[in-house]
Structure formats: structure tokens, C-alpha cells
Amino acid sequence: MSLTFPGVLAHAYDQVCGAGSMNEPSILRQFLQHRDSLLAFIYALTRDHDAAEEVFQEVGLAITSEARRSTEVKNFPAWAREIARRRVSAYFRENHRRKSMVPWSESFADVVEQAFSENEKTLEHQQLRYRFLHQCLETLVGRSRQVIEQRYGEGKRNSAIAKNLGWKPESVKVALSRARKQLAKCIETKLRAAGVL
Amino acid sequence: MERLDELLLRQADGELTPDEANELEALLRSSAEARAKLVEDCLLEVHLHKALTQQPVVAIPARQRYRGVVKRVAMVFATAAAVMTIYFLVNHLASRSTAAVAVVADVSGTAQCVHNDGRQTLLQPGSPIALGDRVVVGSEEDDLLAIAFPDRSRIILSPGTILHFRMPQEGEGKRVHIEQGVIQVSATKQPADRPMVLTTDHARVIVLGTRFRMYREAEASRVELYKGKVRMVQEVDGQTVEMEEGSVAVATAKAAPLQATTLSVGTATLQRTFLKGGQYVAFSEDGKFLAAGRNIGPIKIWSVPDGEVRGELNWRRGPLFGLFHSAEGRFLTALGENGTIGRWDLRTKHEVIEAIDKHHSRARSGAMSSDGKWLALAGPLRNARIWNRQNVADVFQFHSIVPSRGKPWCVAFSRTPRLFAYGQWDGTVSVRDMAADQVIHEFRLRHTPTKIALSDNGRFLAVFSIKDGIHLVDMQKGDHHELWPAESAHVSSLQFSRDGRFLLAGMNDGTARVWSIAETEMRLVIDTNFRRVRHAAFSPDGKYIATASDSHVKLWSYQLP
């Protein structure tokens, strides 16, 4: 599931603020701008797409609630990550018995926060990265394509992919790793060509 | 960095041991490069997940379909919850007080809300739906509506569907009455003491947290359950059935026995997804290539065995309604709604014919015989035009049939003998022997047929209309069978398998279905995860089925008993 729905968000944003309003809450604007990097941060803490999306909604509610109060935020990414971190922590508390999740670790969350704050430049141009990813996916063929589709399109684990394709789990791991590297390289090439790297 | 990759993958699979978790943390703490890699990795993960689970929707009103560029918006399943977030925000900020029970997550085409006080409003993403509201979806092919509830349950309404949001009764969390049409439901786990209840005149379905489709047909109500459990109650006599995953049950007004049976005895396995493929698909005669095209953009050709793109052909002539490979595999023909026809030599990618009929301003249906020699277009004029091609460039108009019962609406050819079938506006279906130039079979449906197919040997004919469902006709014996009921999910394509044993239908409820001709029974239901299937095709070798949505194409291998 994807929670980033630019059209709908933009529509709601217009309803809230009025299209082209001079009083646009900057928090909402920034939320739209940073949604993918925020989701990536939550994913880094949960390593589970469903959980990340569930937490992302909670964070979205909290942020929109702050927007209603016209809260002033100086560093939106850091502020939003702090909200996200608390929500992830709460999510872990509520779900660790129900789901097979690794226990919540404050020290691990610290290092993830450090990683994201150090690499904010990487998180810029996220929409461009997403557009280039689509183009790069079209160039992916053969085994790489199969494993990427099953892993992300169908949400299968490596063991399930291996079973489905009649491969060894090790082969799936290698193919997946190669495919991801190929995609990352392709995106980077396109970003360089576009002059943003 | 290899080790980092491995640890992150193991963590995502839930296989990380405590020691490995410590190792991962230490690795990240000690290396800036590892931290940078983590950030890139997570962004790529999120983008990949989003890109490969996305199901775009044509988001322009149906009346504008033919005018210009088709815009795409993102999928509904994925976004319903986000829309709820936005809706709450809108609600709070606007300080509005409303008894909203759900919100519109996405609209394609036209959908209206008829409020309790008689007001009518056009629905758009974010529109609230209150108790007492009636939601009406237009009946054009492109009309579709997605509704999200606060608990993240979702309902997708097919064209022509009317839902009434009623006051829940005691012990019910929400109550939705289906007055007509088809819905796809994806319900989150419901509170045991306040479940969602869906009703029709024939049935009541108590939802416990599940994914299913519900069809309010003329004479019955049908539930197809894909995941979880539901309890179905037949209203007329109170019979109850507990439905399990992969089952189907039909409640009627005649107190017939209510039982759950197996939905699909055949199986289908997804082999590949071709992103941004197209709305129409065609296999080459040897089954090795698959072509797909859509209203705008290139027609793509993939190699079926390895999924690689083998060519792109330029198509800029507006909406398509057919793609056809020639028997020897050398040519690909595209039929356009505006009466133009593109034909490419696949060896040179050179387009050899651009247009053969400029009289049609907008055709309704087109067909090409499987040997590639005959073409037909049914247009807005009163006639159906048929062309014959003796060689690559020699195309001449062979016939112009003027049906006696109104404009032609859909057309099809058989292979041997050469038969031409067409459905007319008043519901008449005619089959003409082209050698003898005479009508050999004719019957009338209640409503205008919109899809038609002939088996290669010319014995069987399948035809669909909204008020008649799918009719199978054995022209040798004169038998008629109803394969799919009237006033249920609409059919977007019909095709017989090459051996004539099976009929495949692409449906606008997101499924593709296969019927056995001999037993006249449904044997396979493919839940494609598309919101609607635009076109579905058998491969000539009988190994695969391709399904096309508004954009993506999926390739399935299948087994039929």
C-alpha cells in the first residue's frame, strides 16, 4: 500500500487552505514535500511496509493537527522525524506481541535518526528519484525483474520467492541484491544527467 | 556494504537475530558510508513498494475520454487511509459538523450523491458520505468510485452501482444496502459486537474482516469470497451459510437452498507484470510475443519467455480497441476508434498502412479475423464495413452491411468457415456466412449487445449485454445458455480459446473468468488485483492468459480441470 497520494492530498490541501491562499500552513506544505523521506524514515525503524504505512497515518494525523494550531516549525524534517519516532515506539509497544517484530531499541532509533539527519541532501529531489525509478524499472529484465516484482509487487519474502520460482534462497538473495544495485545505479545516472547530483 | 545489505534484508524478512541486530547497529554507528547507504536503501524500498503496488486509474470524466491526454492518478487500495486523514483534517479545519460515515477516496468518471433532503452533489475525492446518503455511480465503462471508512475498510463500486448508507441496527457497526450493481470489499477486522453488514433484497452479509465481491443481480445476490470469512443470510427464509475463503454463494428470493461452493476449480499463477503496458493485448500466433497498447503512447511488444521488451511502435491516433498479430507473425495491426488502422512490419518496425477508413468519426467496435485477412469496423453510421486484404498493401472494401435493426454495436469473425457476427442497437444478433452472403443465424436479446465473440470453428457464439449477461449460443444445436447473469458485473472483452473449449471474459469487477463450453460452467476466476480488467486474451498455445487494466498487463499461467 502506498500512502502518498499527491492528487488527493493536494485536493484536500486546497480545501483546507483555499487554492493559492496566502495563508497556506507551511507545515502542510512541507508535509507534502517530505512525505516520501518521512515514510522512508519510518520504514528504516520498522523494516515492515505495512507497519510503516500504519504509523505514517498516525504521523500524518499528528502533523495535520499541529497545522490546525498554526504551530511554527523551524526544521520540519527533524520535527516530523521526532513525531514519527514516538509513534513508531508506541506502535512497537502495542504490536510486538502480535507481530514477529524485533524489539524496539532506542539506541538503534538514535543511529537511524543520525543517518537521516546527516543525509538530508539525499532525500531532496525525492519525486525526481521516484520518476526515474519508474523509467529504470522498465529496463529491468529477466531474473532481476522477476524477483523485484515478487518482492515488492506481491510483498513476498525471499523464502516464498525461492519456493515460487524453484530457486535456492541464496539465488533469490543474490538476484534481489543485483537488481536493487542496478536500479540504484540507473537512478543515480539519471540524477547526474539531470544535474542534481 | 555487502554485509549491511544482508543484514537489512534479513531484518526486513523478520529473520534478524539479537546478535545480528547489535551488529547492524554497530555497523551503522561506526560508518558514515553505512548510514548514507541505509538512507538510500530505505528511500528506494519505499519507492519500489509504491511503484509496484500502484494501480493507476483514468481520472477524467467519461465524456472527455476521447478528447485529449489521459491523466493517471494513483491507486485506491493504497490510499484510502491517507484520504481519511485528510478528510478528518478538512473536517476539523472547516469546523463542519456532519454525520459522515465514510469518505470518497477516488472517483473515475461520474458519481453522484443523493442526500436525505433530495439534494444531489457530484462526488469527488474527499467528499463525505453521511447516513441516509445514496451513492450512484455512472454506467459508462470508465465510471468507478472508491469509498473508505474510518477503520480503513474500503469499497469499490463498479459502473451502474447504487449504494444506500443506512442506519446500523442493533449489533451492527455499519450498514450498507446495495440497490444494484457490483462492489469489491476489502474490510479490516471488524469488532465482533459491531460488524459491518451489507444487505440486498435477497441477502444479508455479516462481514468479519475480509476481502470479497458482492453482486446485486436481477434475480439473486452473489458473494465471492477471496479472503477471510463472512456469514451470509438469505432474507426470504433466514437460511445461513458460513463462507470460507475461495467460495461462492448465491441468495435468491425463491428460498432456494443456500450453500457455499468452490469459486474456482481451476488455478492461475501470476508469471509477470508488464508495467505501463496497455489496455489491449494480443499474443503472437506462436505465443512467444505479447503486444499491448493503450490510448496514447507506444505499443509495446514483449518476449513472453523472458519478459524483455522487444520493440515499441508509435501510436498517436487516439483510443485503441484492438491489436492483432498476423498468422505468420510478421505484422501487427492496431484498430483505432477514429477509424484509422495502423499496420507494422515487425521486422523493420515500419508502418505499412496508416488508415483505410476515414469516414468513421468514431467506431464502436472492431474485429480482425485470426488469419489477418479480414477487418471490420462498426461505427456511428448505420453500416458495418468489412475489408479484405489479399496482400500487405492491397486492401479493399469488401462489404458494407446495413443492419435492418439499428446501428451495429459489436462485431466478430470466425476462422473457418468464414462467419461474421454483429450485434445491433435493438438487441438483435446476426451471424452472416460471408461466402454465401446470407444471414444464417439471428436472435434478439433484451438490450444492446456490447461484446461479441465467435469460436474459430464458427459453432459457438458468445455475446454480452447489460440486461442479458453473457449468452452462449451453440449454433449447431440452437441451444442458448446464460453463463453470467444480467445486471451484474459488466464484461469488457470476450474471447474463445483456440480449441474452442473455453470462453474467457475480462470483467470490470477486476476479474477474468473462464467458462467450459461443454459444461457451460465457470471453471476459473482470476482475481487480478486490478480495479477493472479492460481486456483479457488466451495465448494461442493455451498456456497463458494476459489481462490488461487501465495501464498494466499481467501474464498468468493457468490450469483447468
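Conventions adopted
Residues numbered from 1 in each chain as written. Chains lettered and ligands numbered in written order. Predicted model: local features only at pLDDT ≥ 70, side-chain atom pairs only at ≥ 80, totals over all residues. Helix = DSSP H or I, 4+ residues; strand = E, 2+ residues; numbered from the N terminus. Buried ≥ 20, exposed ≤ 12 C-beta atoms within 10 Å, placed from the backbone. Contact = placed C-beta atoms within 7 Å. Arc of directions from axis to C-beta. pLDDT = per-residue confidence, 0-100. Pairing = 2+ DSSP bridges. Axes fitted to C-alpha atoms, helices over the stretch in contact; angles between N-to-C directions. Core = buried A, V, L, I, M, F, W, Y, C linked by C-beta atoms within 7 Å. Expected span 1.5 Å × (residues − 1). Parallel < 35°, antiparallel > 145°, perpendicular 65-115°, else oblique. Nonpolar A, V, L, I, M, F, W, Y, C, P; charged D, E, K, R; others polar. Left-handed = near helix turned anticlockwise from the far one by under 90°.

1. Some points on the overall build of chain B
Alright, step 1. Regarding its fold elements, chain B presents four helices and 47 strands.
Alright, step 2. Classification of the 561 residues of chain B by burial places 51% in the buried group.
Alright, step 3. Within chain B, contacts between residues separated by at least 24 positions form 45% of all contacts whose residues are at least 6 apart in sequence.

2. A few points about the overall build of chain A
Alright, step 1. When its secondary structure is counted, chain A shows eleven helices and zero strands.
Alright, step 2. Traced from its N-terminal end to its C-terminal end, chain A shows the element sequence α-α-α-α-α-α-α-α-α-α-α.
Alright, step 3. Here chain A, with 197 residues, has 42% of them falling under the buried criterion.
Alright, step 4. Across chain A, the fraction of contacts at a sequence separation of at least 24, relative to all contacts at a separation of at least 6, is 65%.

3. A word on helix H10 (residues 158–165) of chain A
All names here are of chain A.
Alright, step 1. Those residues of H10 not exposed but buried are Asn158, Ile161 and Ala162. One side of H10 carries all its buried residues, which in axial view fall inside an arc of 100°.
Alright, step 2. Against the buried residues of H10 lie helix H9 (142–153) and helix H11 (169–193).
Alright, step 3. Gly166 sits one or two positions beyond H10 and adopts a positive phi of about 70°.

4. A word on the confidence of the model for chain B
Residues and elements named next belong to chain B.
Alright, step 1. The predicted model of chain B has a mean per-residue pLDDT of 82, with 86% of residues at 70 or higher.
Alright, step 2. Within chain B, the lowest mean pLDDT, 29, falls on strand S1 (residues 57–58), and the highest, 97, falls on strand S42 (residues 502–507).
Alright, step 3. Segment residues 55–78 is flagged for pLDDT under 50; beyond a separation of four residues in sequence, or across chains, it makes 68 contacts in the model.
Alright, step 4. Counted against residues more than four places away or in other chains, residues 90–98, with its pLDDT under 50, gives ten contacts.
Alright, step 5. Scored as a complex, the prediction yields pTM 0.62 and ipTM 0.87.

5. With respect to the sheet that holds strand S43 (residues 511–516) of chain B
All names here are of chain B.
Alright, step 1. Read from one edge to the other, the open sheet built from four strands follows the order S41-S42-S43-S44, with strand pairing classed as antiparallel. Edge positions in the sheet fall to strand S41 (491–496) and strand S44 (521–527), since each of these pairs with one other strand and no more. Between one strand axis and the next, the sheet turns by 20° as a mean value, whatever way the strands run.
Alright, step 2. Relative to S43, S42 runs antiparallel, the two sharing five bridges. Counted as the bridge partner of Leu503 is Trp515 from S43.

6. Some details on the nonpolar core
Alright, step 1. Core analysis: the largest hydrophobic core is formed by 139 residues, its most contacted members being Leu145(B), Val281(B), Ala376(B), Leu503(B), Ile545(B) and Ala546(B).
Alright, step 2. With six residues, the top contributor of residues to this core is strand S3 (residues 100–108) of chain B.
Alright, step 3. The residues touching Val281(B), leaving out its near neighbours within four places in the chain, are Leu290(B), Ala291(B), Ala292(B), Leu323(B), His535(B), Ala537(B), Ala546(B), Ala548(B) and Val553(B).
Alright, step 4. Counting residues in each nonpolar core, the second largest holds 38 residues, with Ile27(A), Ile42(A), Ala80(A) and Leu24(B) among its members.

7. A short note on the sheet that holds strand S38 (residues 460–465) of chain B
All names here are of chain B.
Alright, step 1. With antiparallel pairing, the four strands of this open sheet are ordered in space as S37-S38-S39-S40. Single-partner strands in this sheet number two, and they are strand S37 (451–454) and strand S40 (479–484). Ignoring strand direction, the axes of neighbouring strands in this sheet form an average angle of 20°.
Alright, step 2. With five bridges connecting them, strand S39 (residues 469–474) and S40 associate as antiparallel partners. When the bridges of S40 are listed, Ile470 appears paired with Trp484.

8. Observations regarding helix H6 (residues 106–118) of chain A
All names here are of chain A.
Alright, step 1. Taking 1.5 Å per residue, 13 residues should reach 18 Å; H6 reaches 18 Å between its end C-alpha atoms and fits that length.
Alright, step 2. For H6, the set of buried residues is Ala109, Val111, Val112, Ala115 and Phe116. Viewed along the axis of H6, the buried residues span an arc of 165°, placing them on a single side of the element. Set apart from the buried face of H6 by more than 90 degrees, the exposed residues are Glu106 and Ser107.

9. Considering the packing of H9(A) against H11(A)
All names here are of chain A.
Alright, step 1. With their axes 9 Å apart at the nearest point, H9 and H11 run at an angle of 95° to one another. Here H9 is positioned roughly perpendicular relative to H11, judged by the angle of their axes. Residue-level inspection shows Arg143, Ser144, Val147, Ile148 and Arg151 of H9 in contact with H11, the latter providing Val172, Ala175, Leu176, Arg178, Ala179 and Gln182.
Alright, step 2. Residues of the contact of H9 with H11, tallied by class, amount to six nonpolar, two polar and three charged.

10. Observations concerning the packing of helix H5 (residues 76–95) of chain A against H6(A)
Residue and element names in this part refer to chain A.
Alright, step 1. The interhelical angle for the contact between H5 and H6, taken along N-to-C directions, is 155°, at an axis separation of 11 Å. When the axis of H5 is compared with that of H6, the two are roughly antiparallel. Taken as a pair, H5 and H6 cross one another with a handedness that is right-handed. Facing H5, whose interface residues are Ala78, Arg81 and Arg85, H6 presents Ala109, Glu113, Phe116 and Ser117.
Alright, step 2. Classifying every residue of the contact of H5 with H6 by side-chain character gives three nonpolar, one polar and three charged.

11. Structural notes on the environment of Leu346(B)
All names here are of chain B.
Alright, step 1. Tracing the backbone through its elements, the reader meets Leu346 in the loop between strand S27 (341–345) and strand S28 (350–353).
Alright, step 2. Note: C-alpha distance between Leu346 and Leu313 (33 residues apart in sequence) is 9.1 Å.
Alright, step 3. Look past the residues within four positions of Leu346 in its chain and what remains in contact with it is Gly311, Arg330, Phe331 and Leu332.

12. What to know about the environment of Tyr280(B)
All names here are of chain B.
Alright, step 1. Among the structural elements, Tyr280 can be located in strand S21 (residues 280–283).
Alright, step 2. Considered as a pair, Tyr280 and Ala292 are twelve residues apart in the sequence and their alpha carbons are 5.4 Å apart.
Alright, step 3. Here Tyr280 is in contact with Ala292, Gly293, Leu320, Phe321, Gly322, Leu323, His535 and Ala548, once residues within four sequence places are set aside.

13. Concerning the confidence of the model for chain A
Alright, step 1. Of the residues in chain A, 80% reach a pLDDT of 70 or more, and the chain-wide mean stands at 77.
Alright, step 2. Below pLDDT 50 for its whole length, residues 1–24 of chain A participates in 57 contacts with residues either more than four positions away or in separate chains.

14. Let's talk about the pairing of S27(B)
All names here are of chain B.
Alright, step 1. Counting buried positions along S27 yields four of five residues, so the element is predominantly enclosed.
Alright, step 2. Taken together, the five bridges between strand S26 (residues 331–336) and S27 define a ladder with antiparallel strand orientation. Residue Thr333 lies in a different strand from S27, and its bridge partner there is Arg343.

15. Describing unusual backbone geometry
Alright, step 1. Here the phi dihedral of Arg47(A) falls at roughly 50°; this positive angle occurs in a residue that is not glycine.
Alright, step 2. Following the sequence through the fold, Arg47(A) ends up in the loop between helix H3 (35–46) and helix H4 (49–68).
Alright, step 3. You can call Arg47(A) buried: it has 20 C-beta atoms within 10 Å.
Alright, step 4. For Ala255(B), which is not a glycine, the phi torsion comes out positive at approximately 55°.
Alright, step 5. Here Ala255(B) is to be found in the loop between strand S18 (247–252) and strand S19 (260–262).

16. Describing the pairing of strand S12 (residues 196–199) of chain B
All names here are of chain B.
Alright, step 1. Alternating residues of S12 divide into Met196 and Leu198 and Val197 and Thr199, and every residue in both groups is buried.
Alright, step 2. Here four bridges tie strand S11 (residues 174–186) to S12, and the two strands are oriented parallel to one another. Among the inter-strand pairings, Lys174 is bridged to a residue of S12, identified as Met196.

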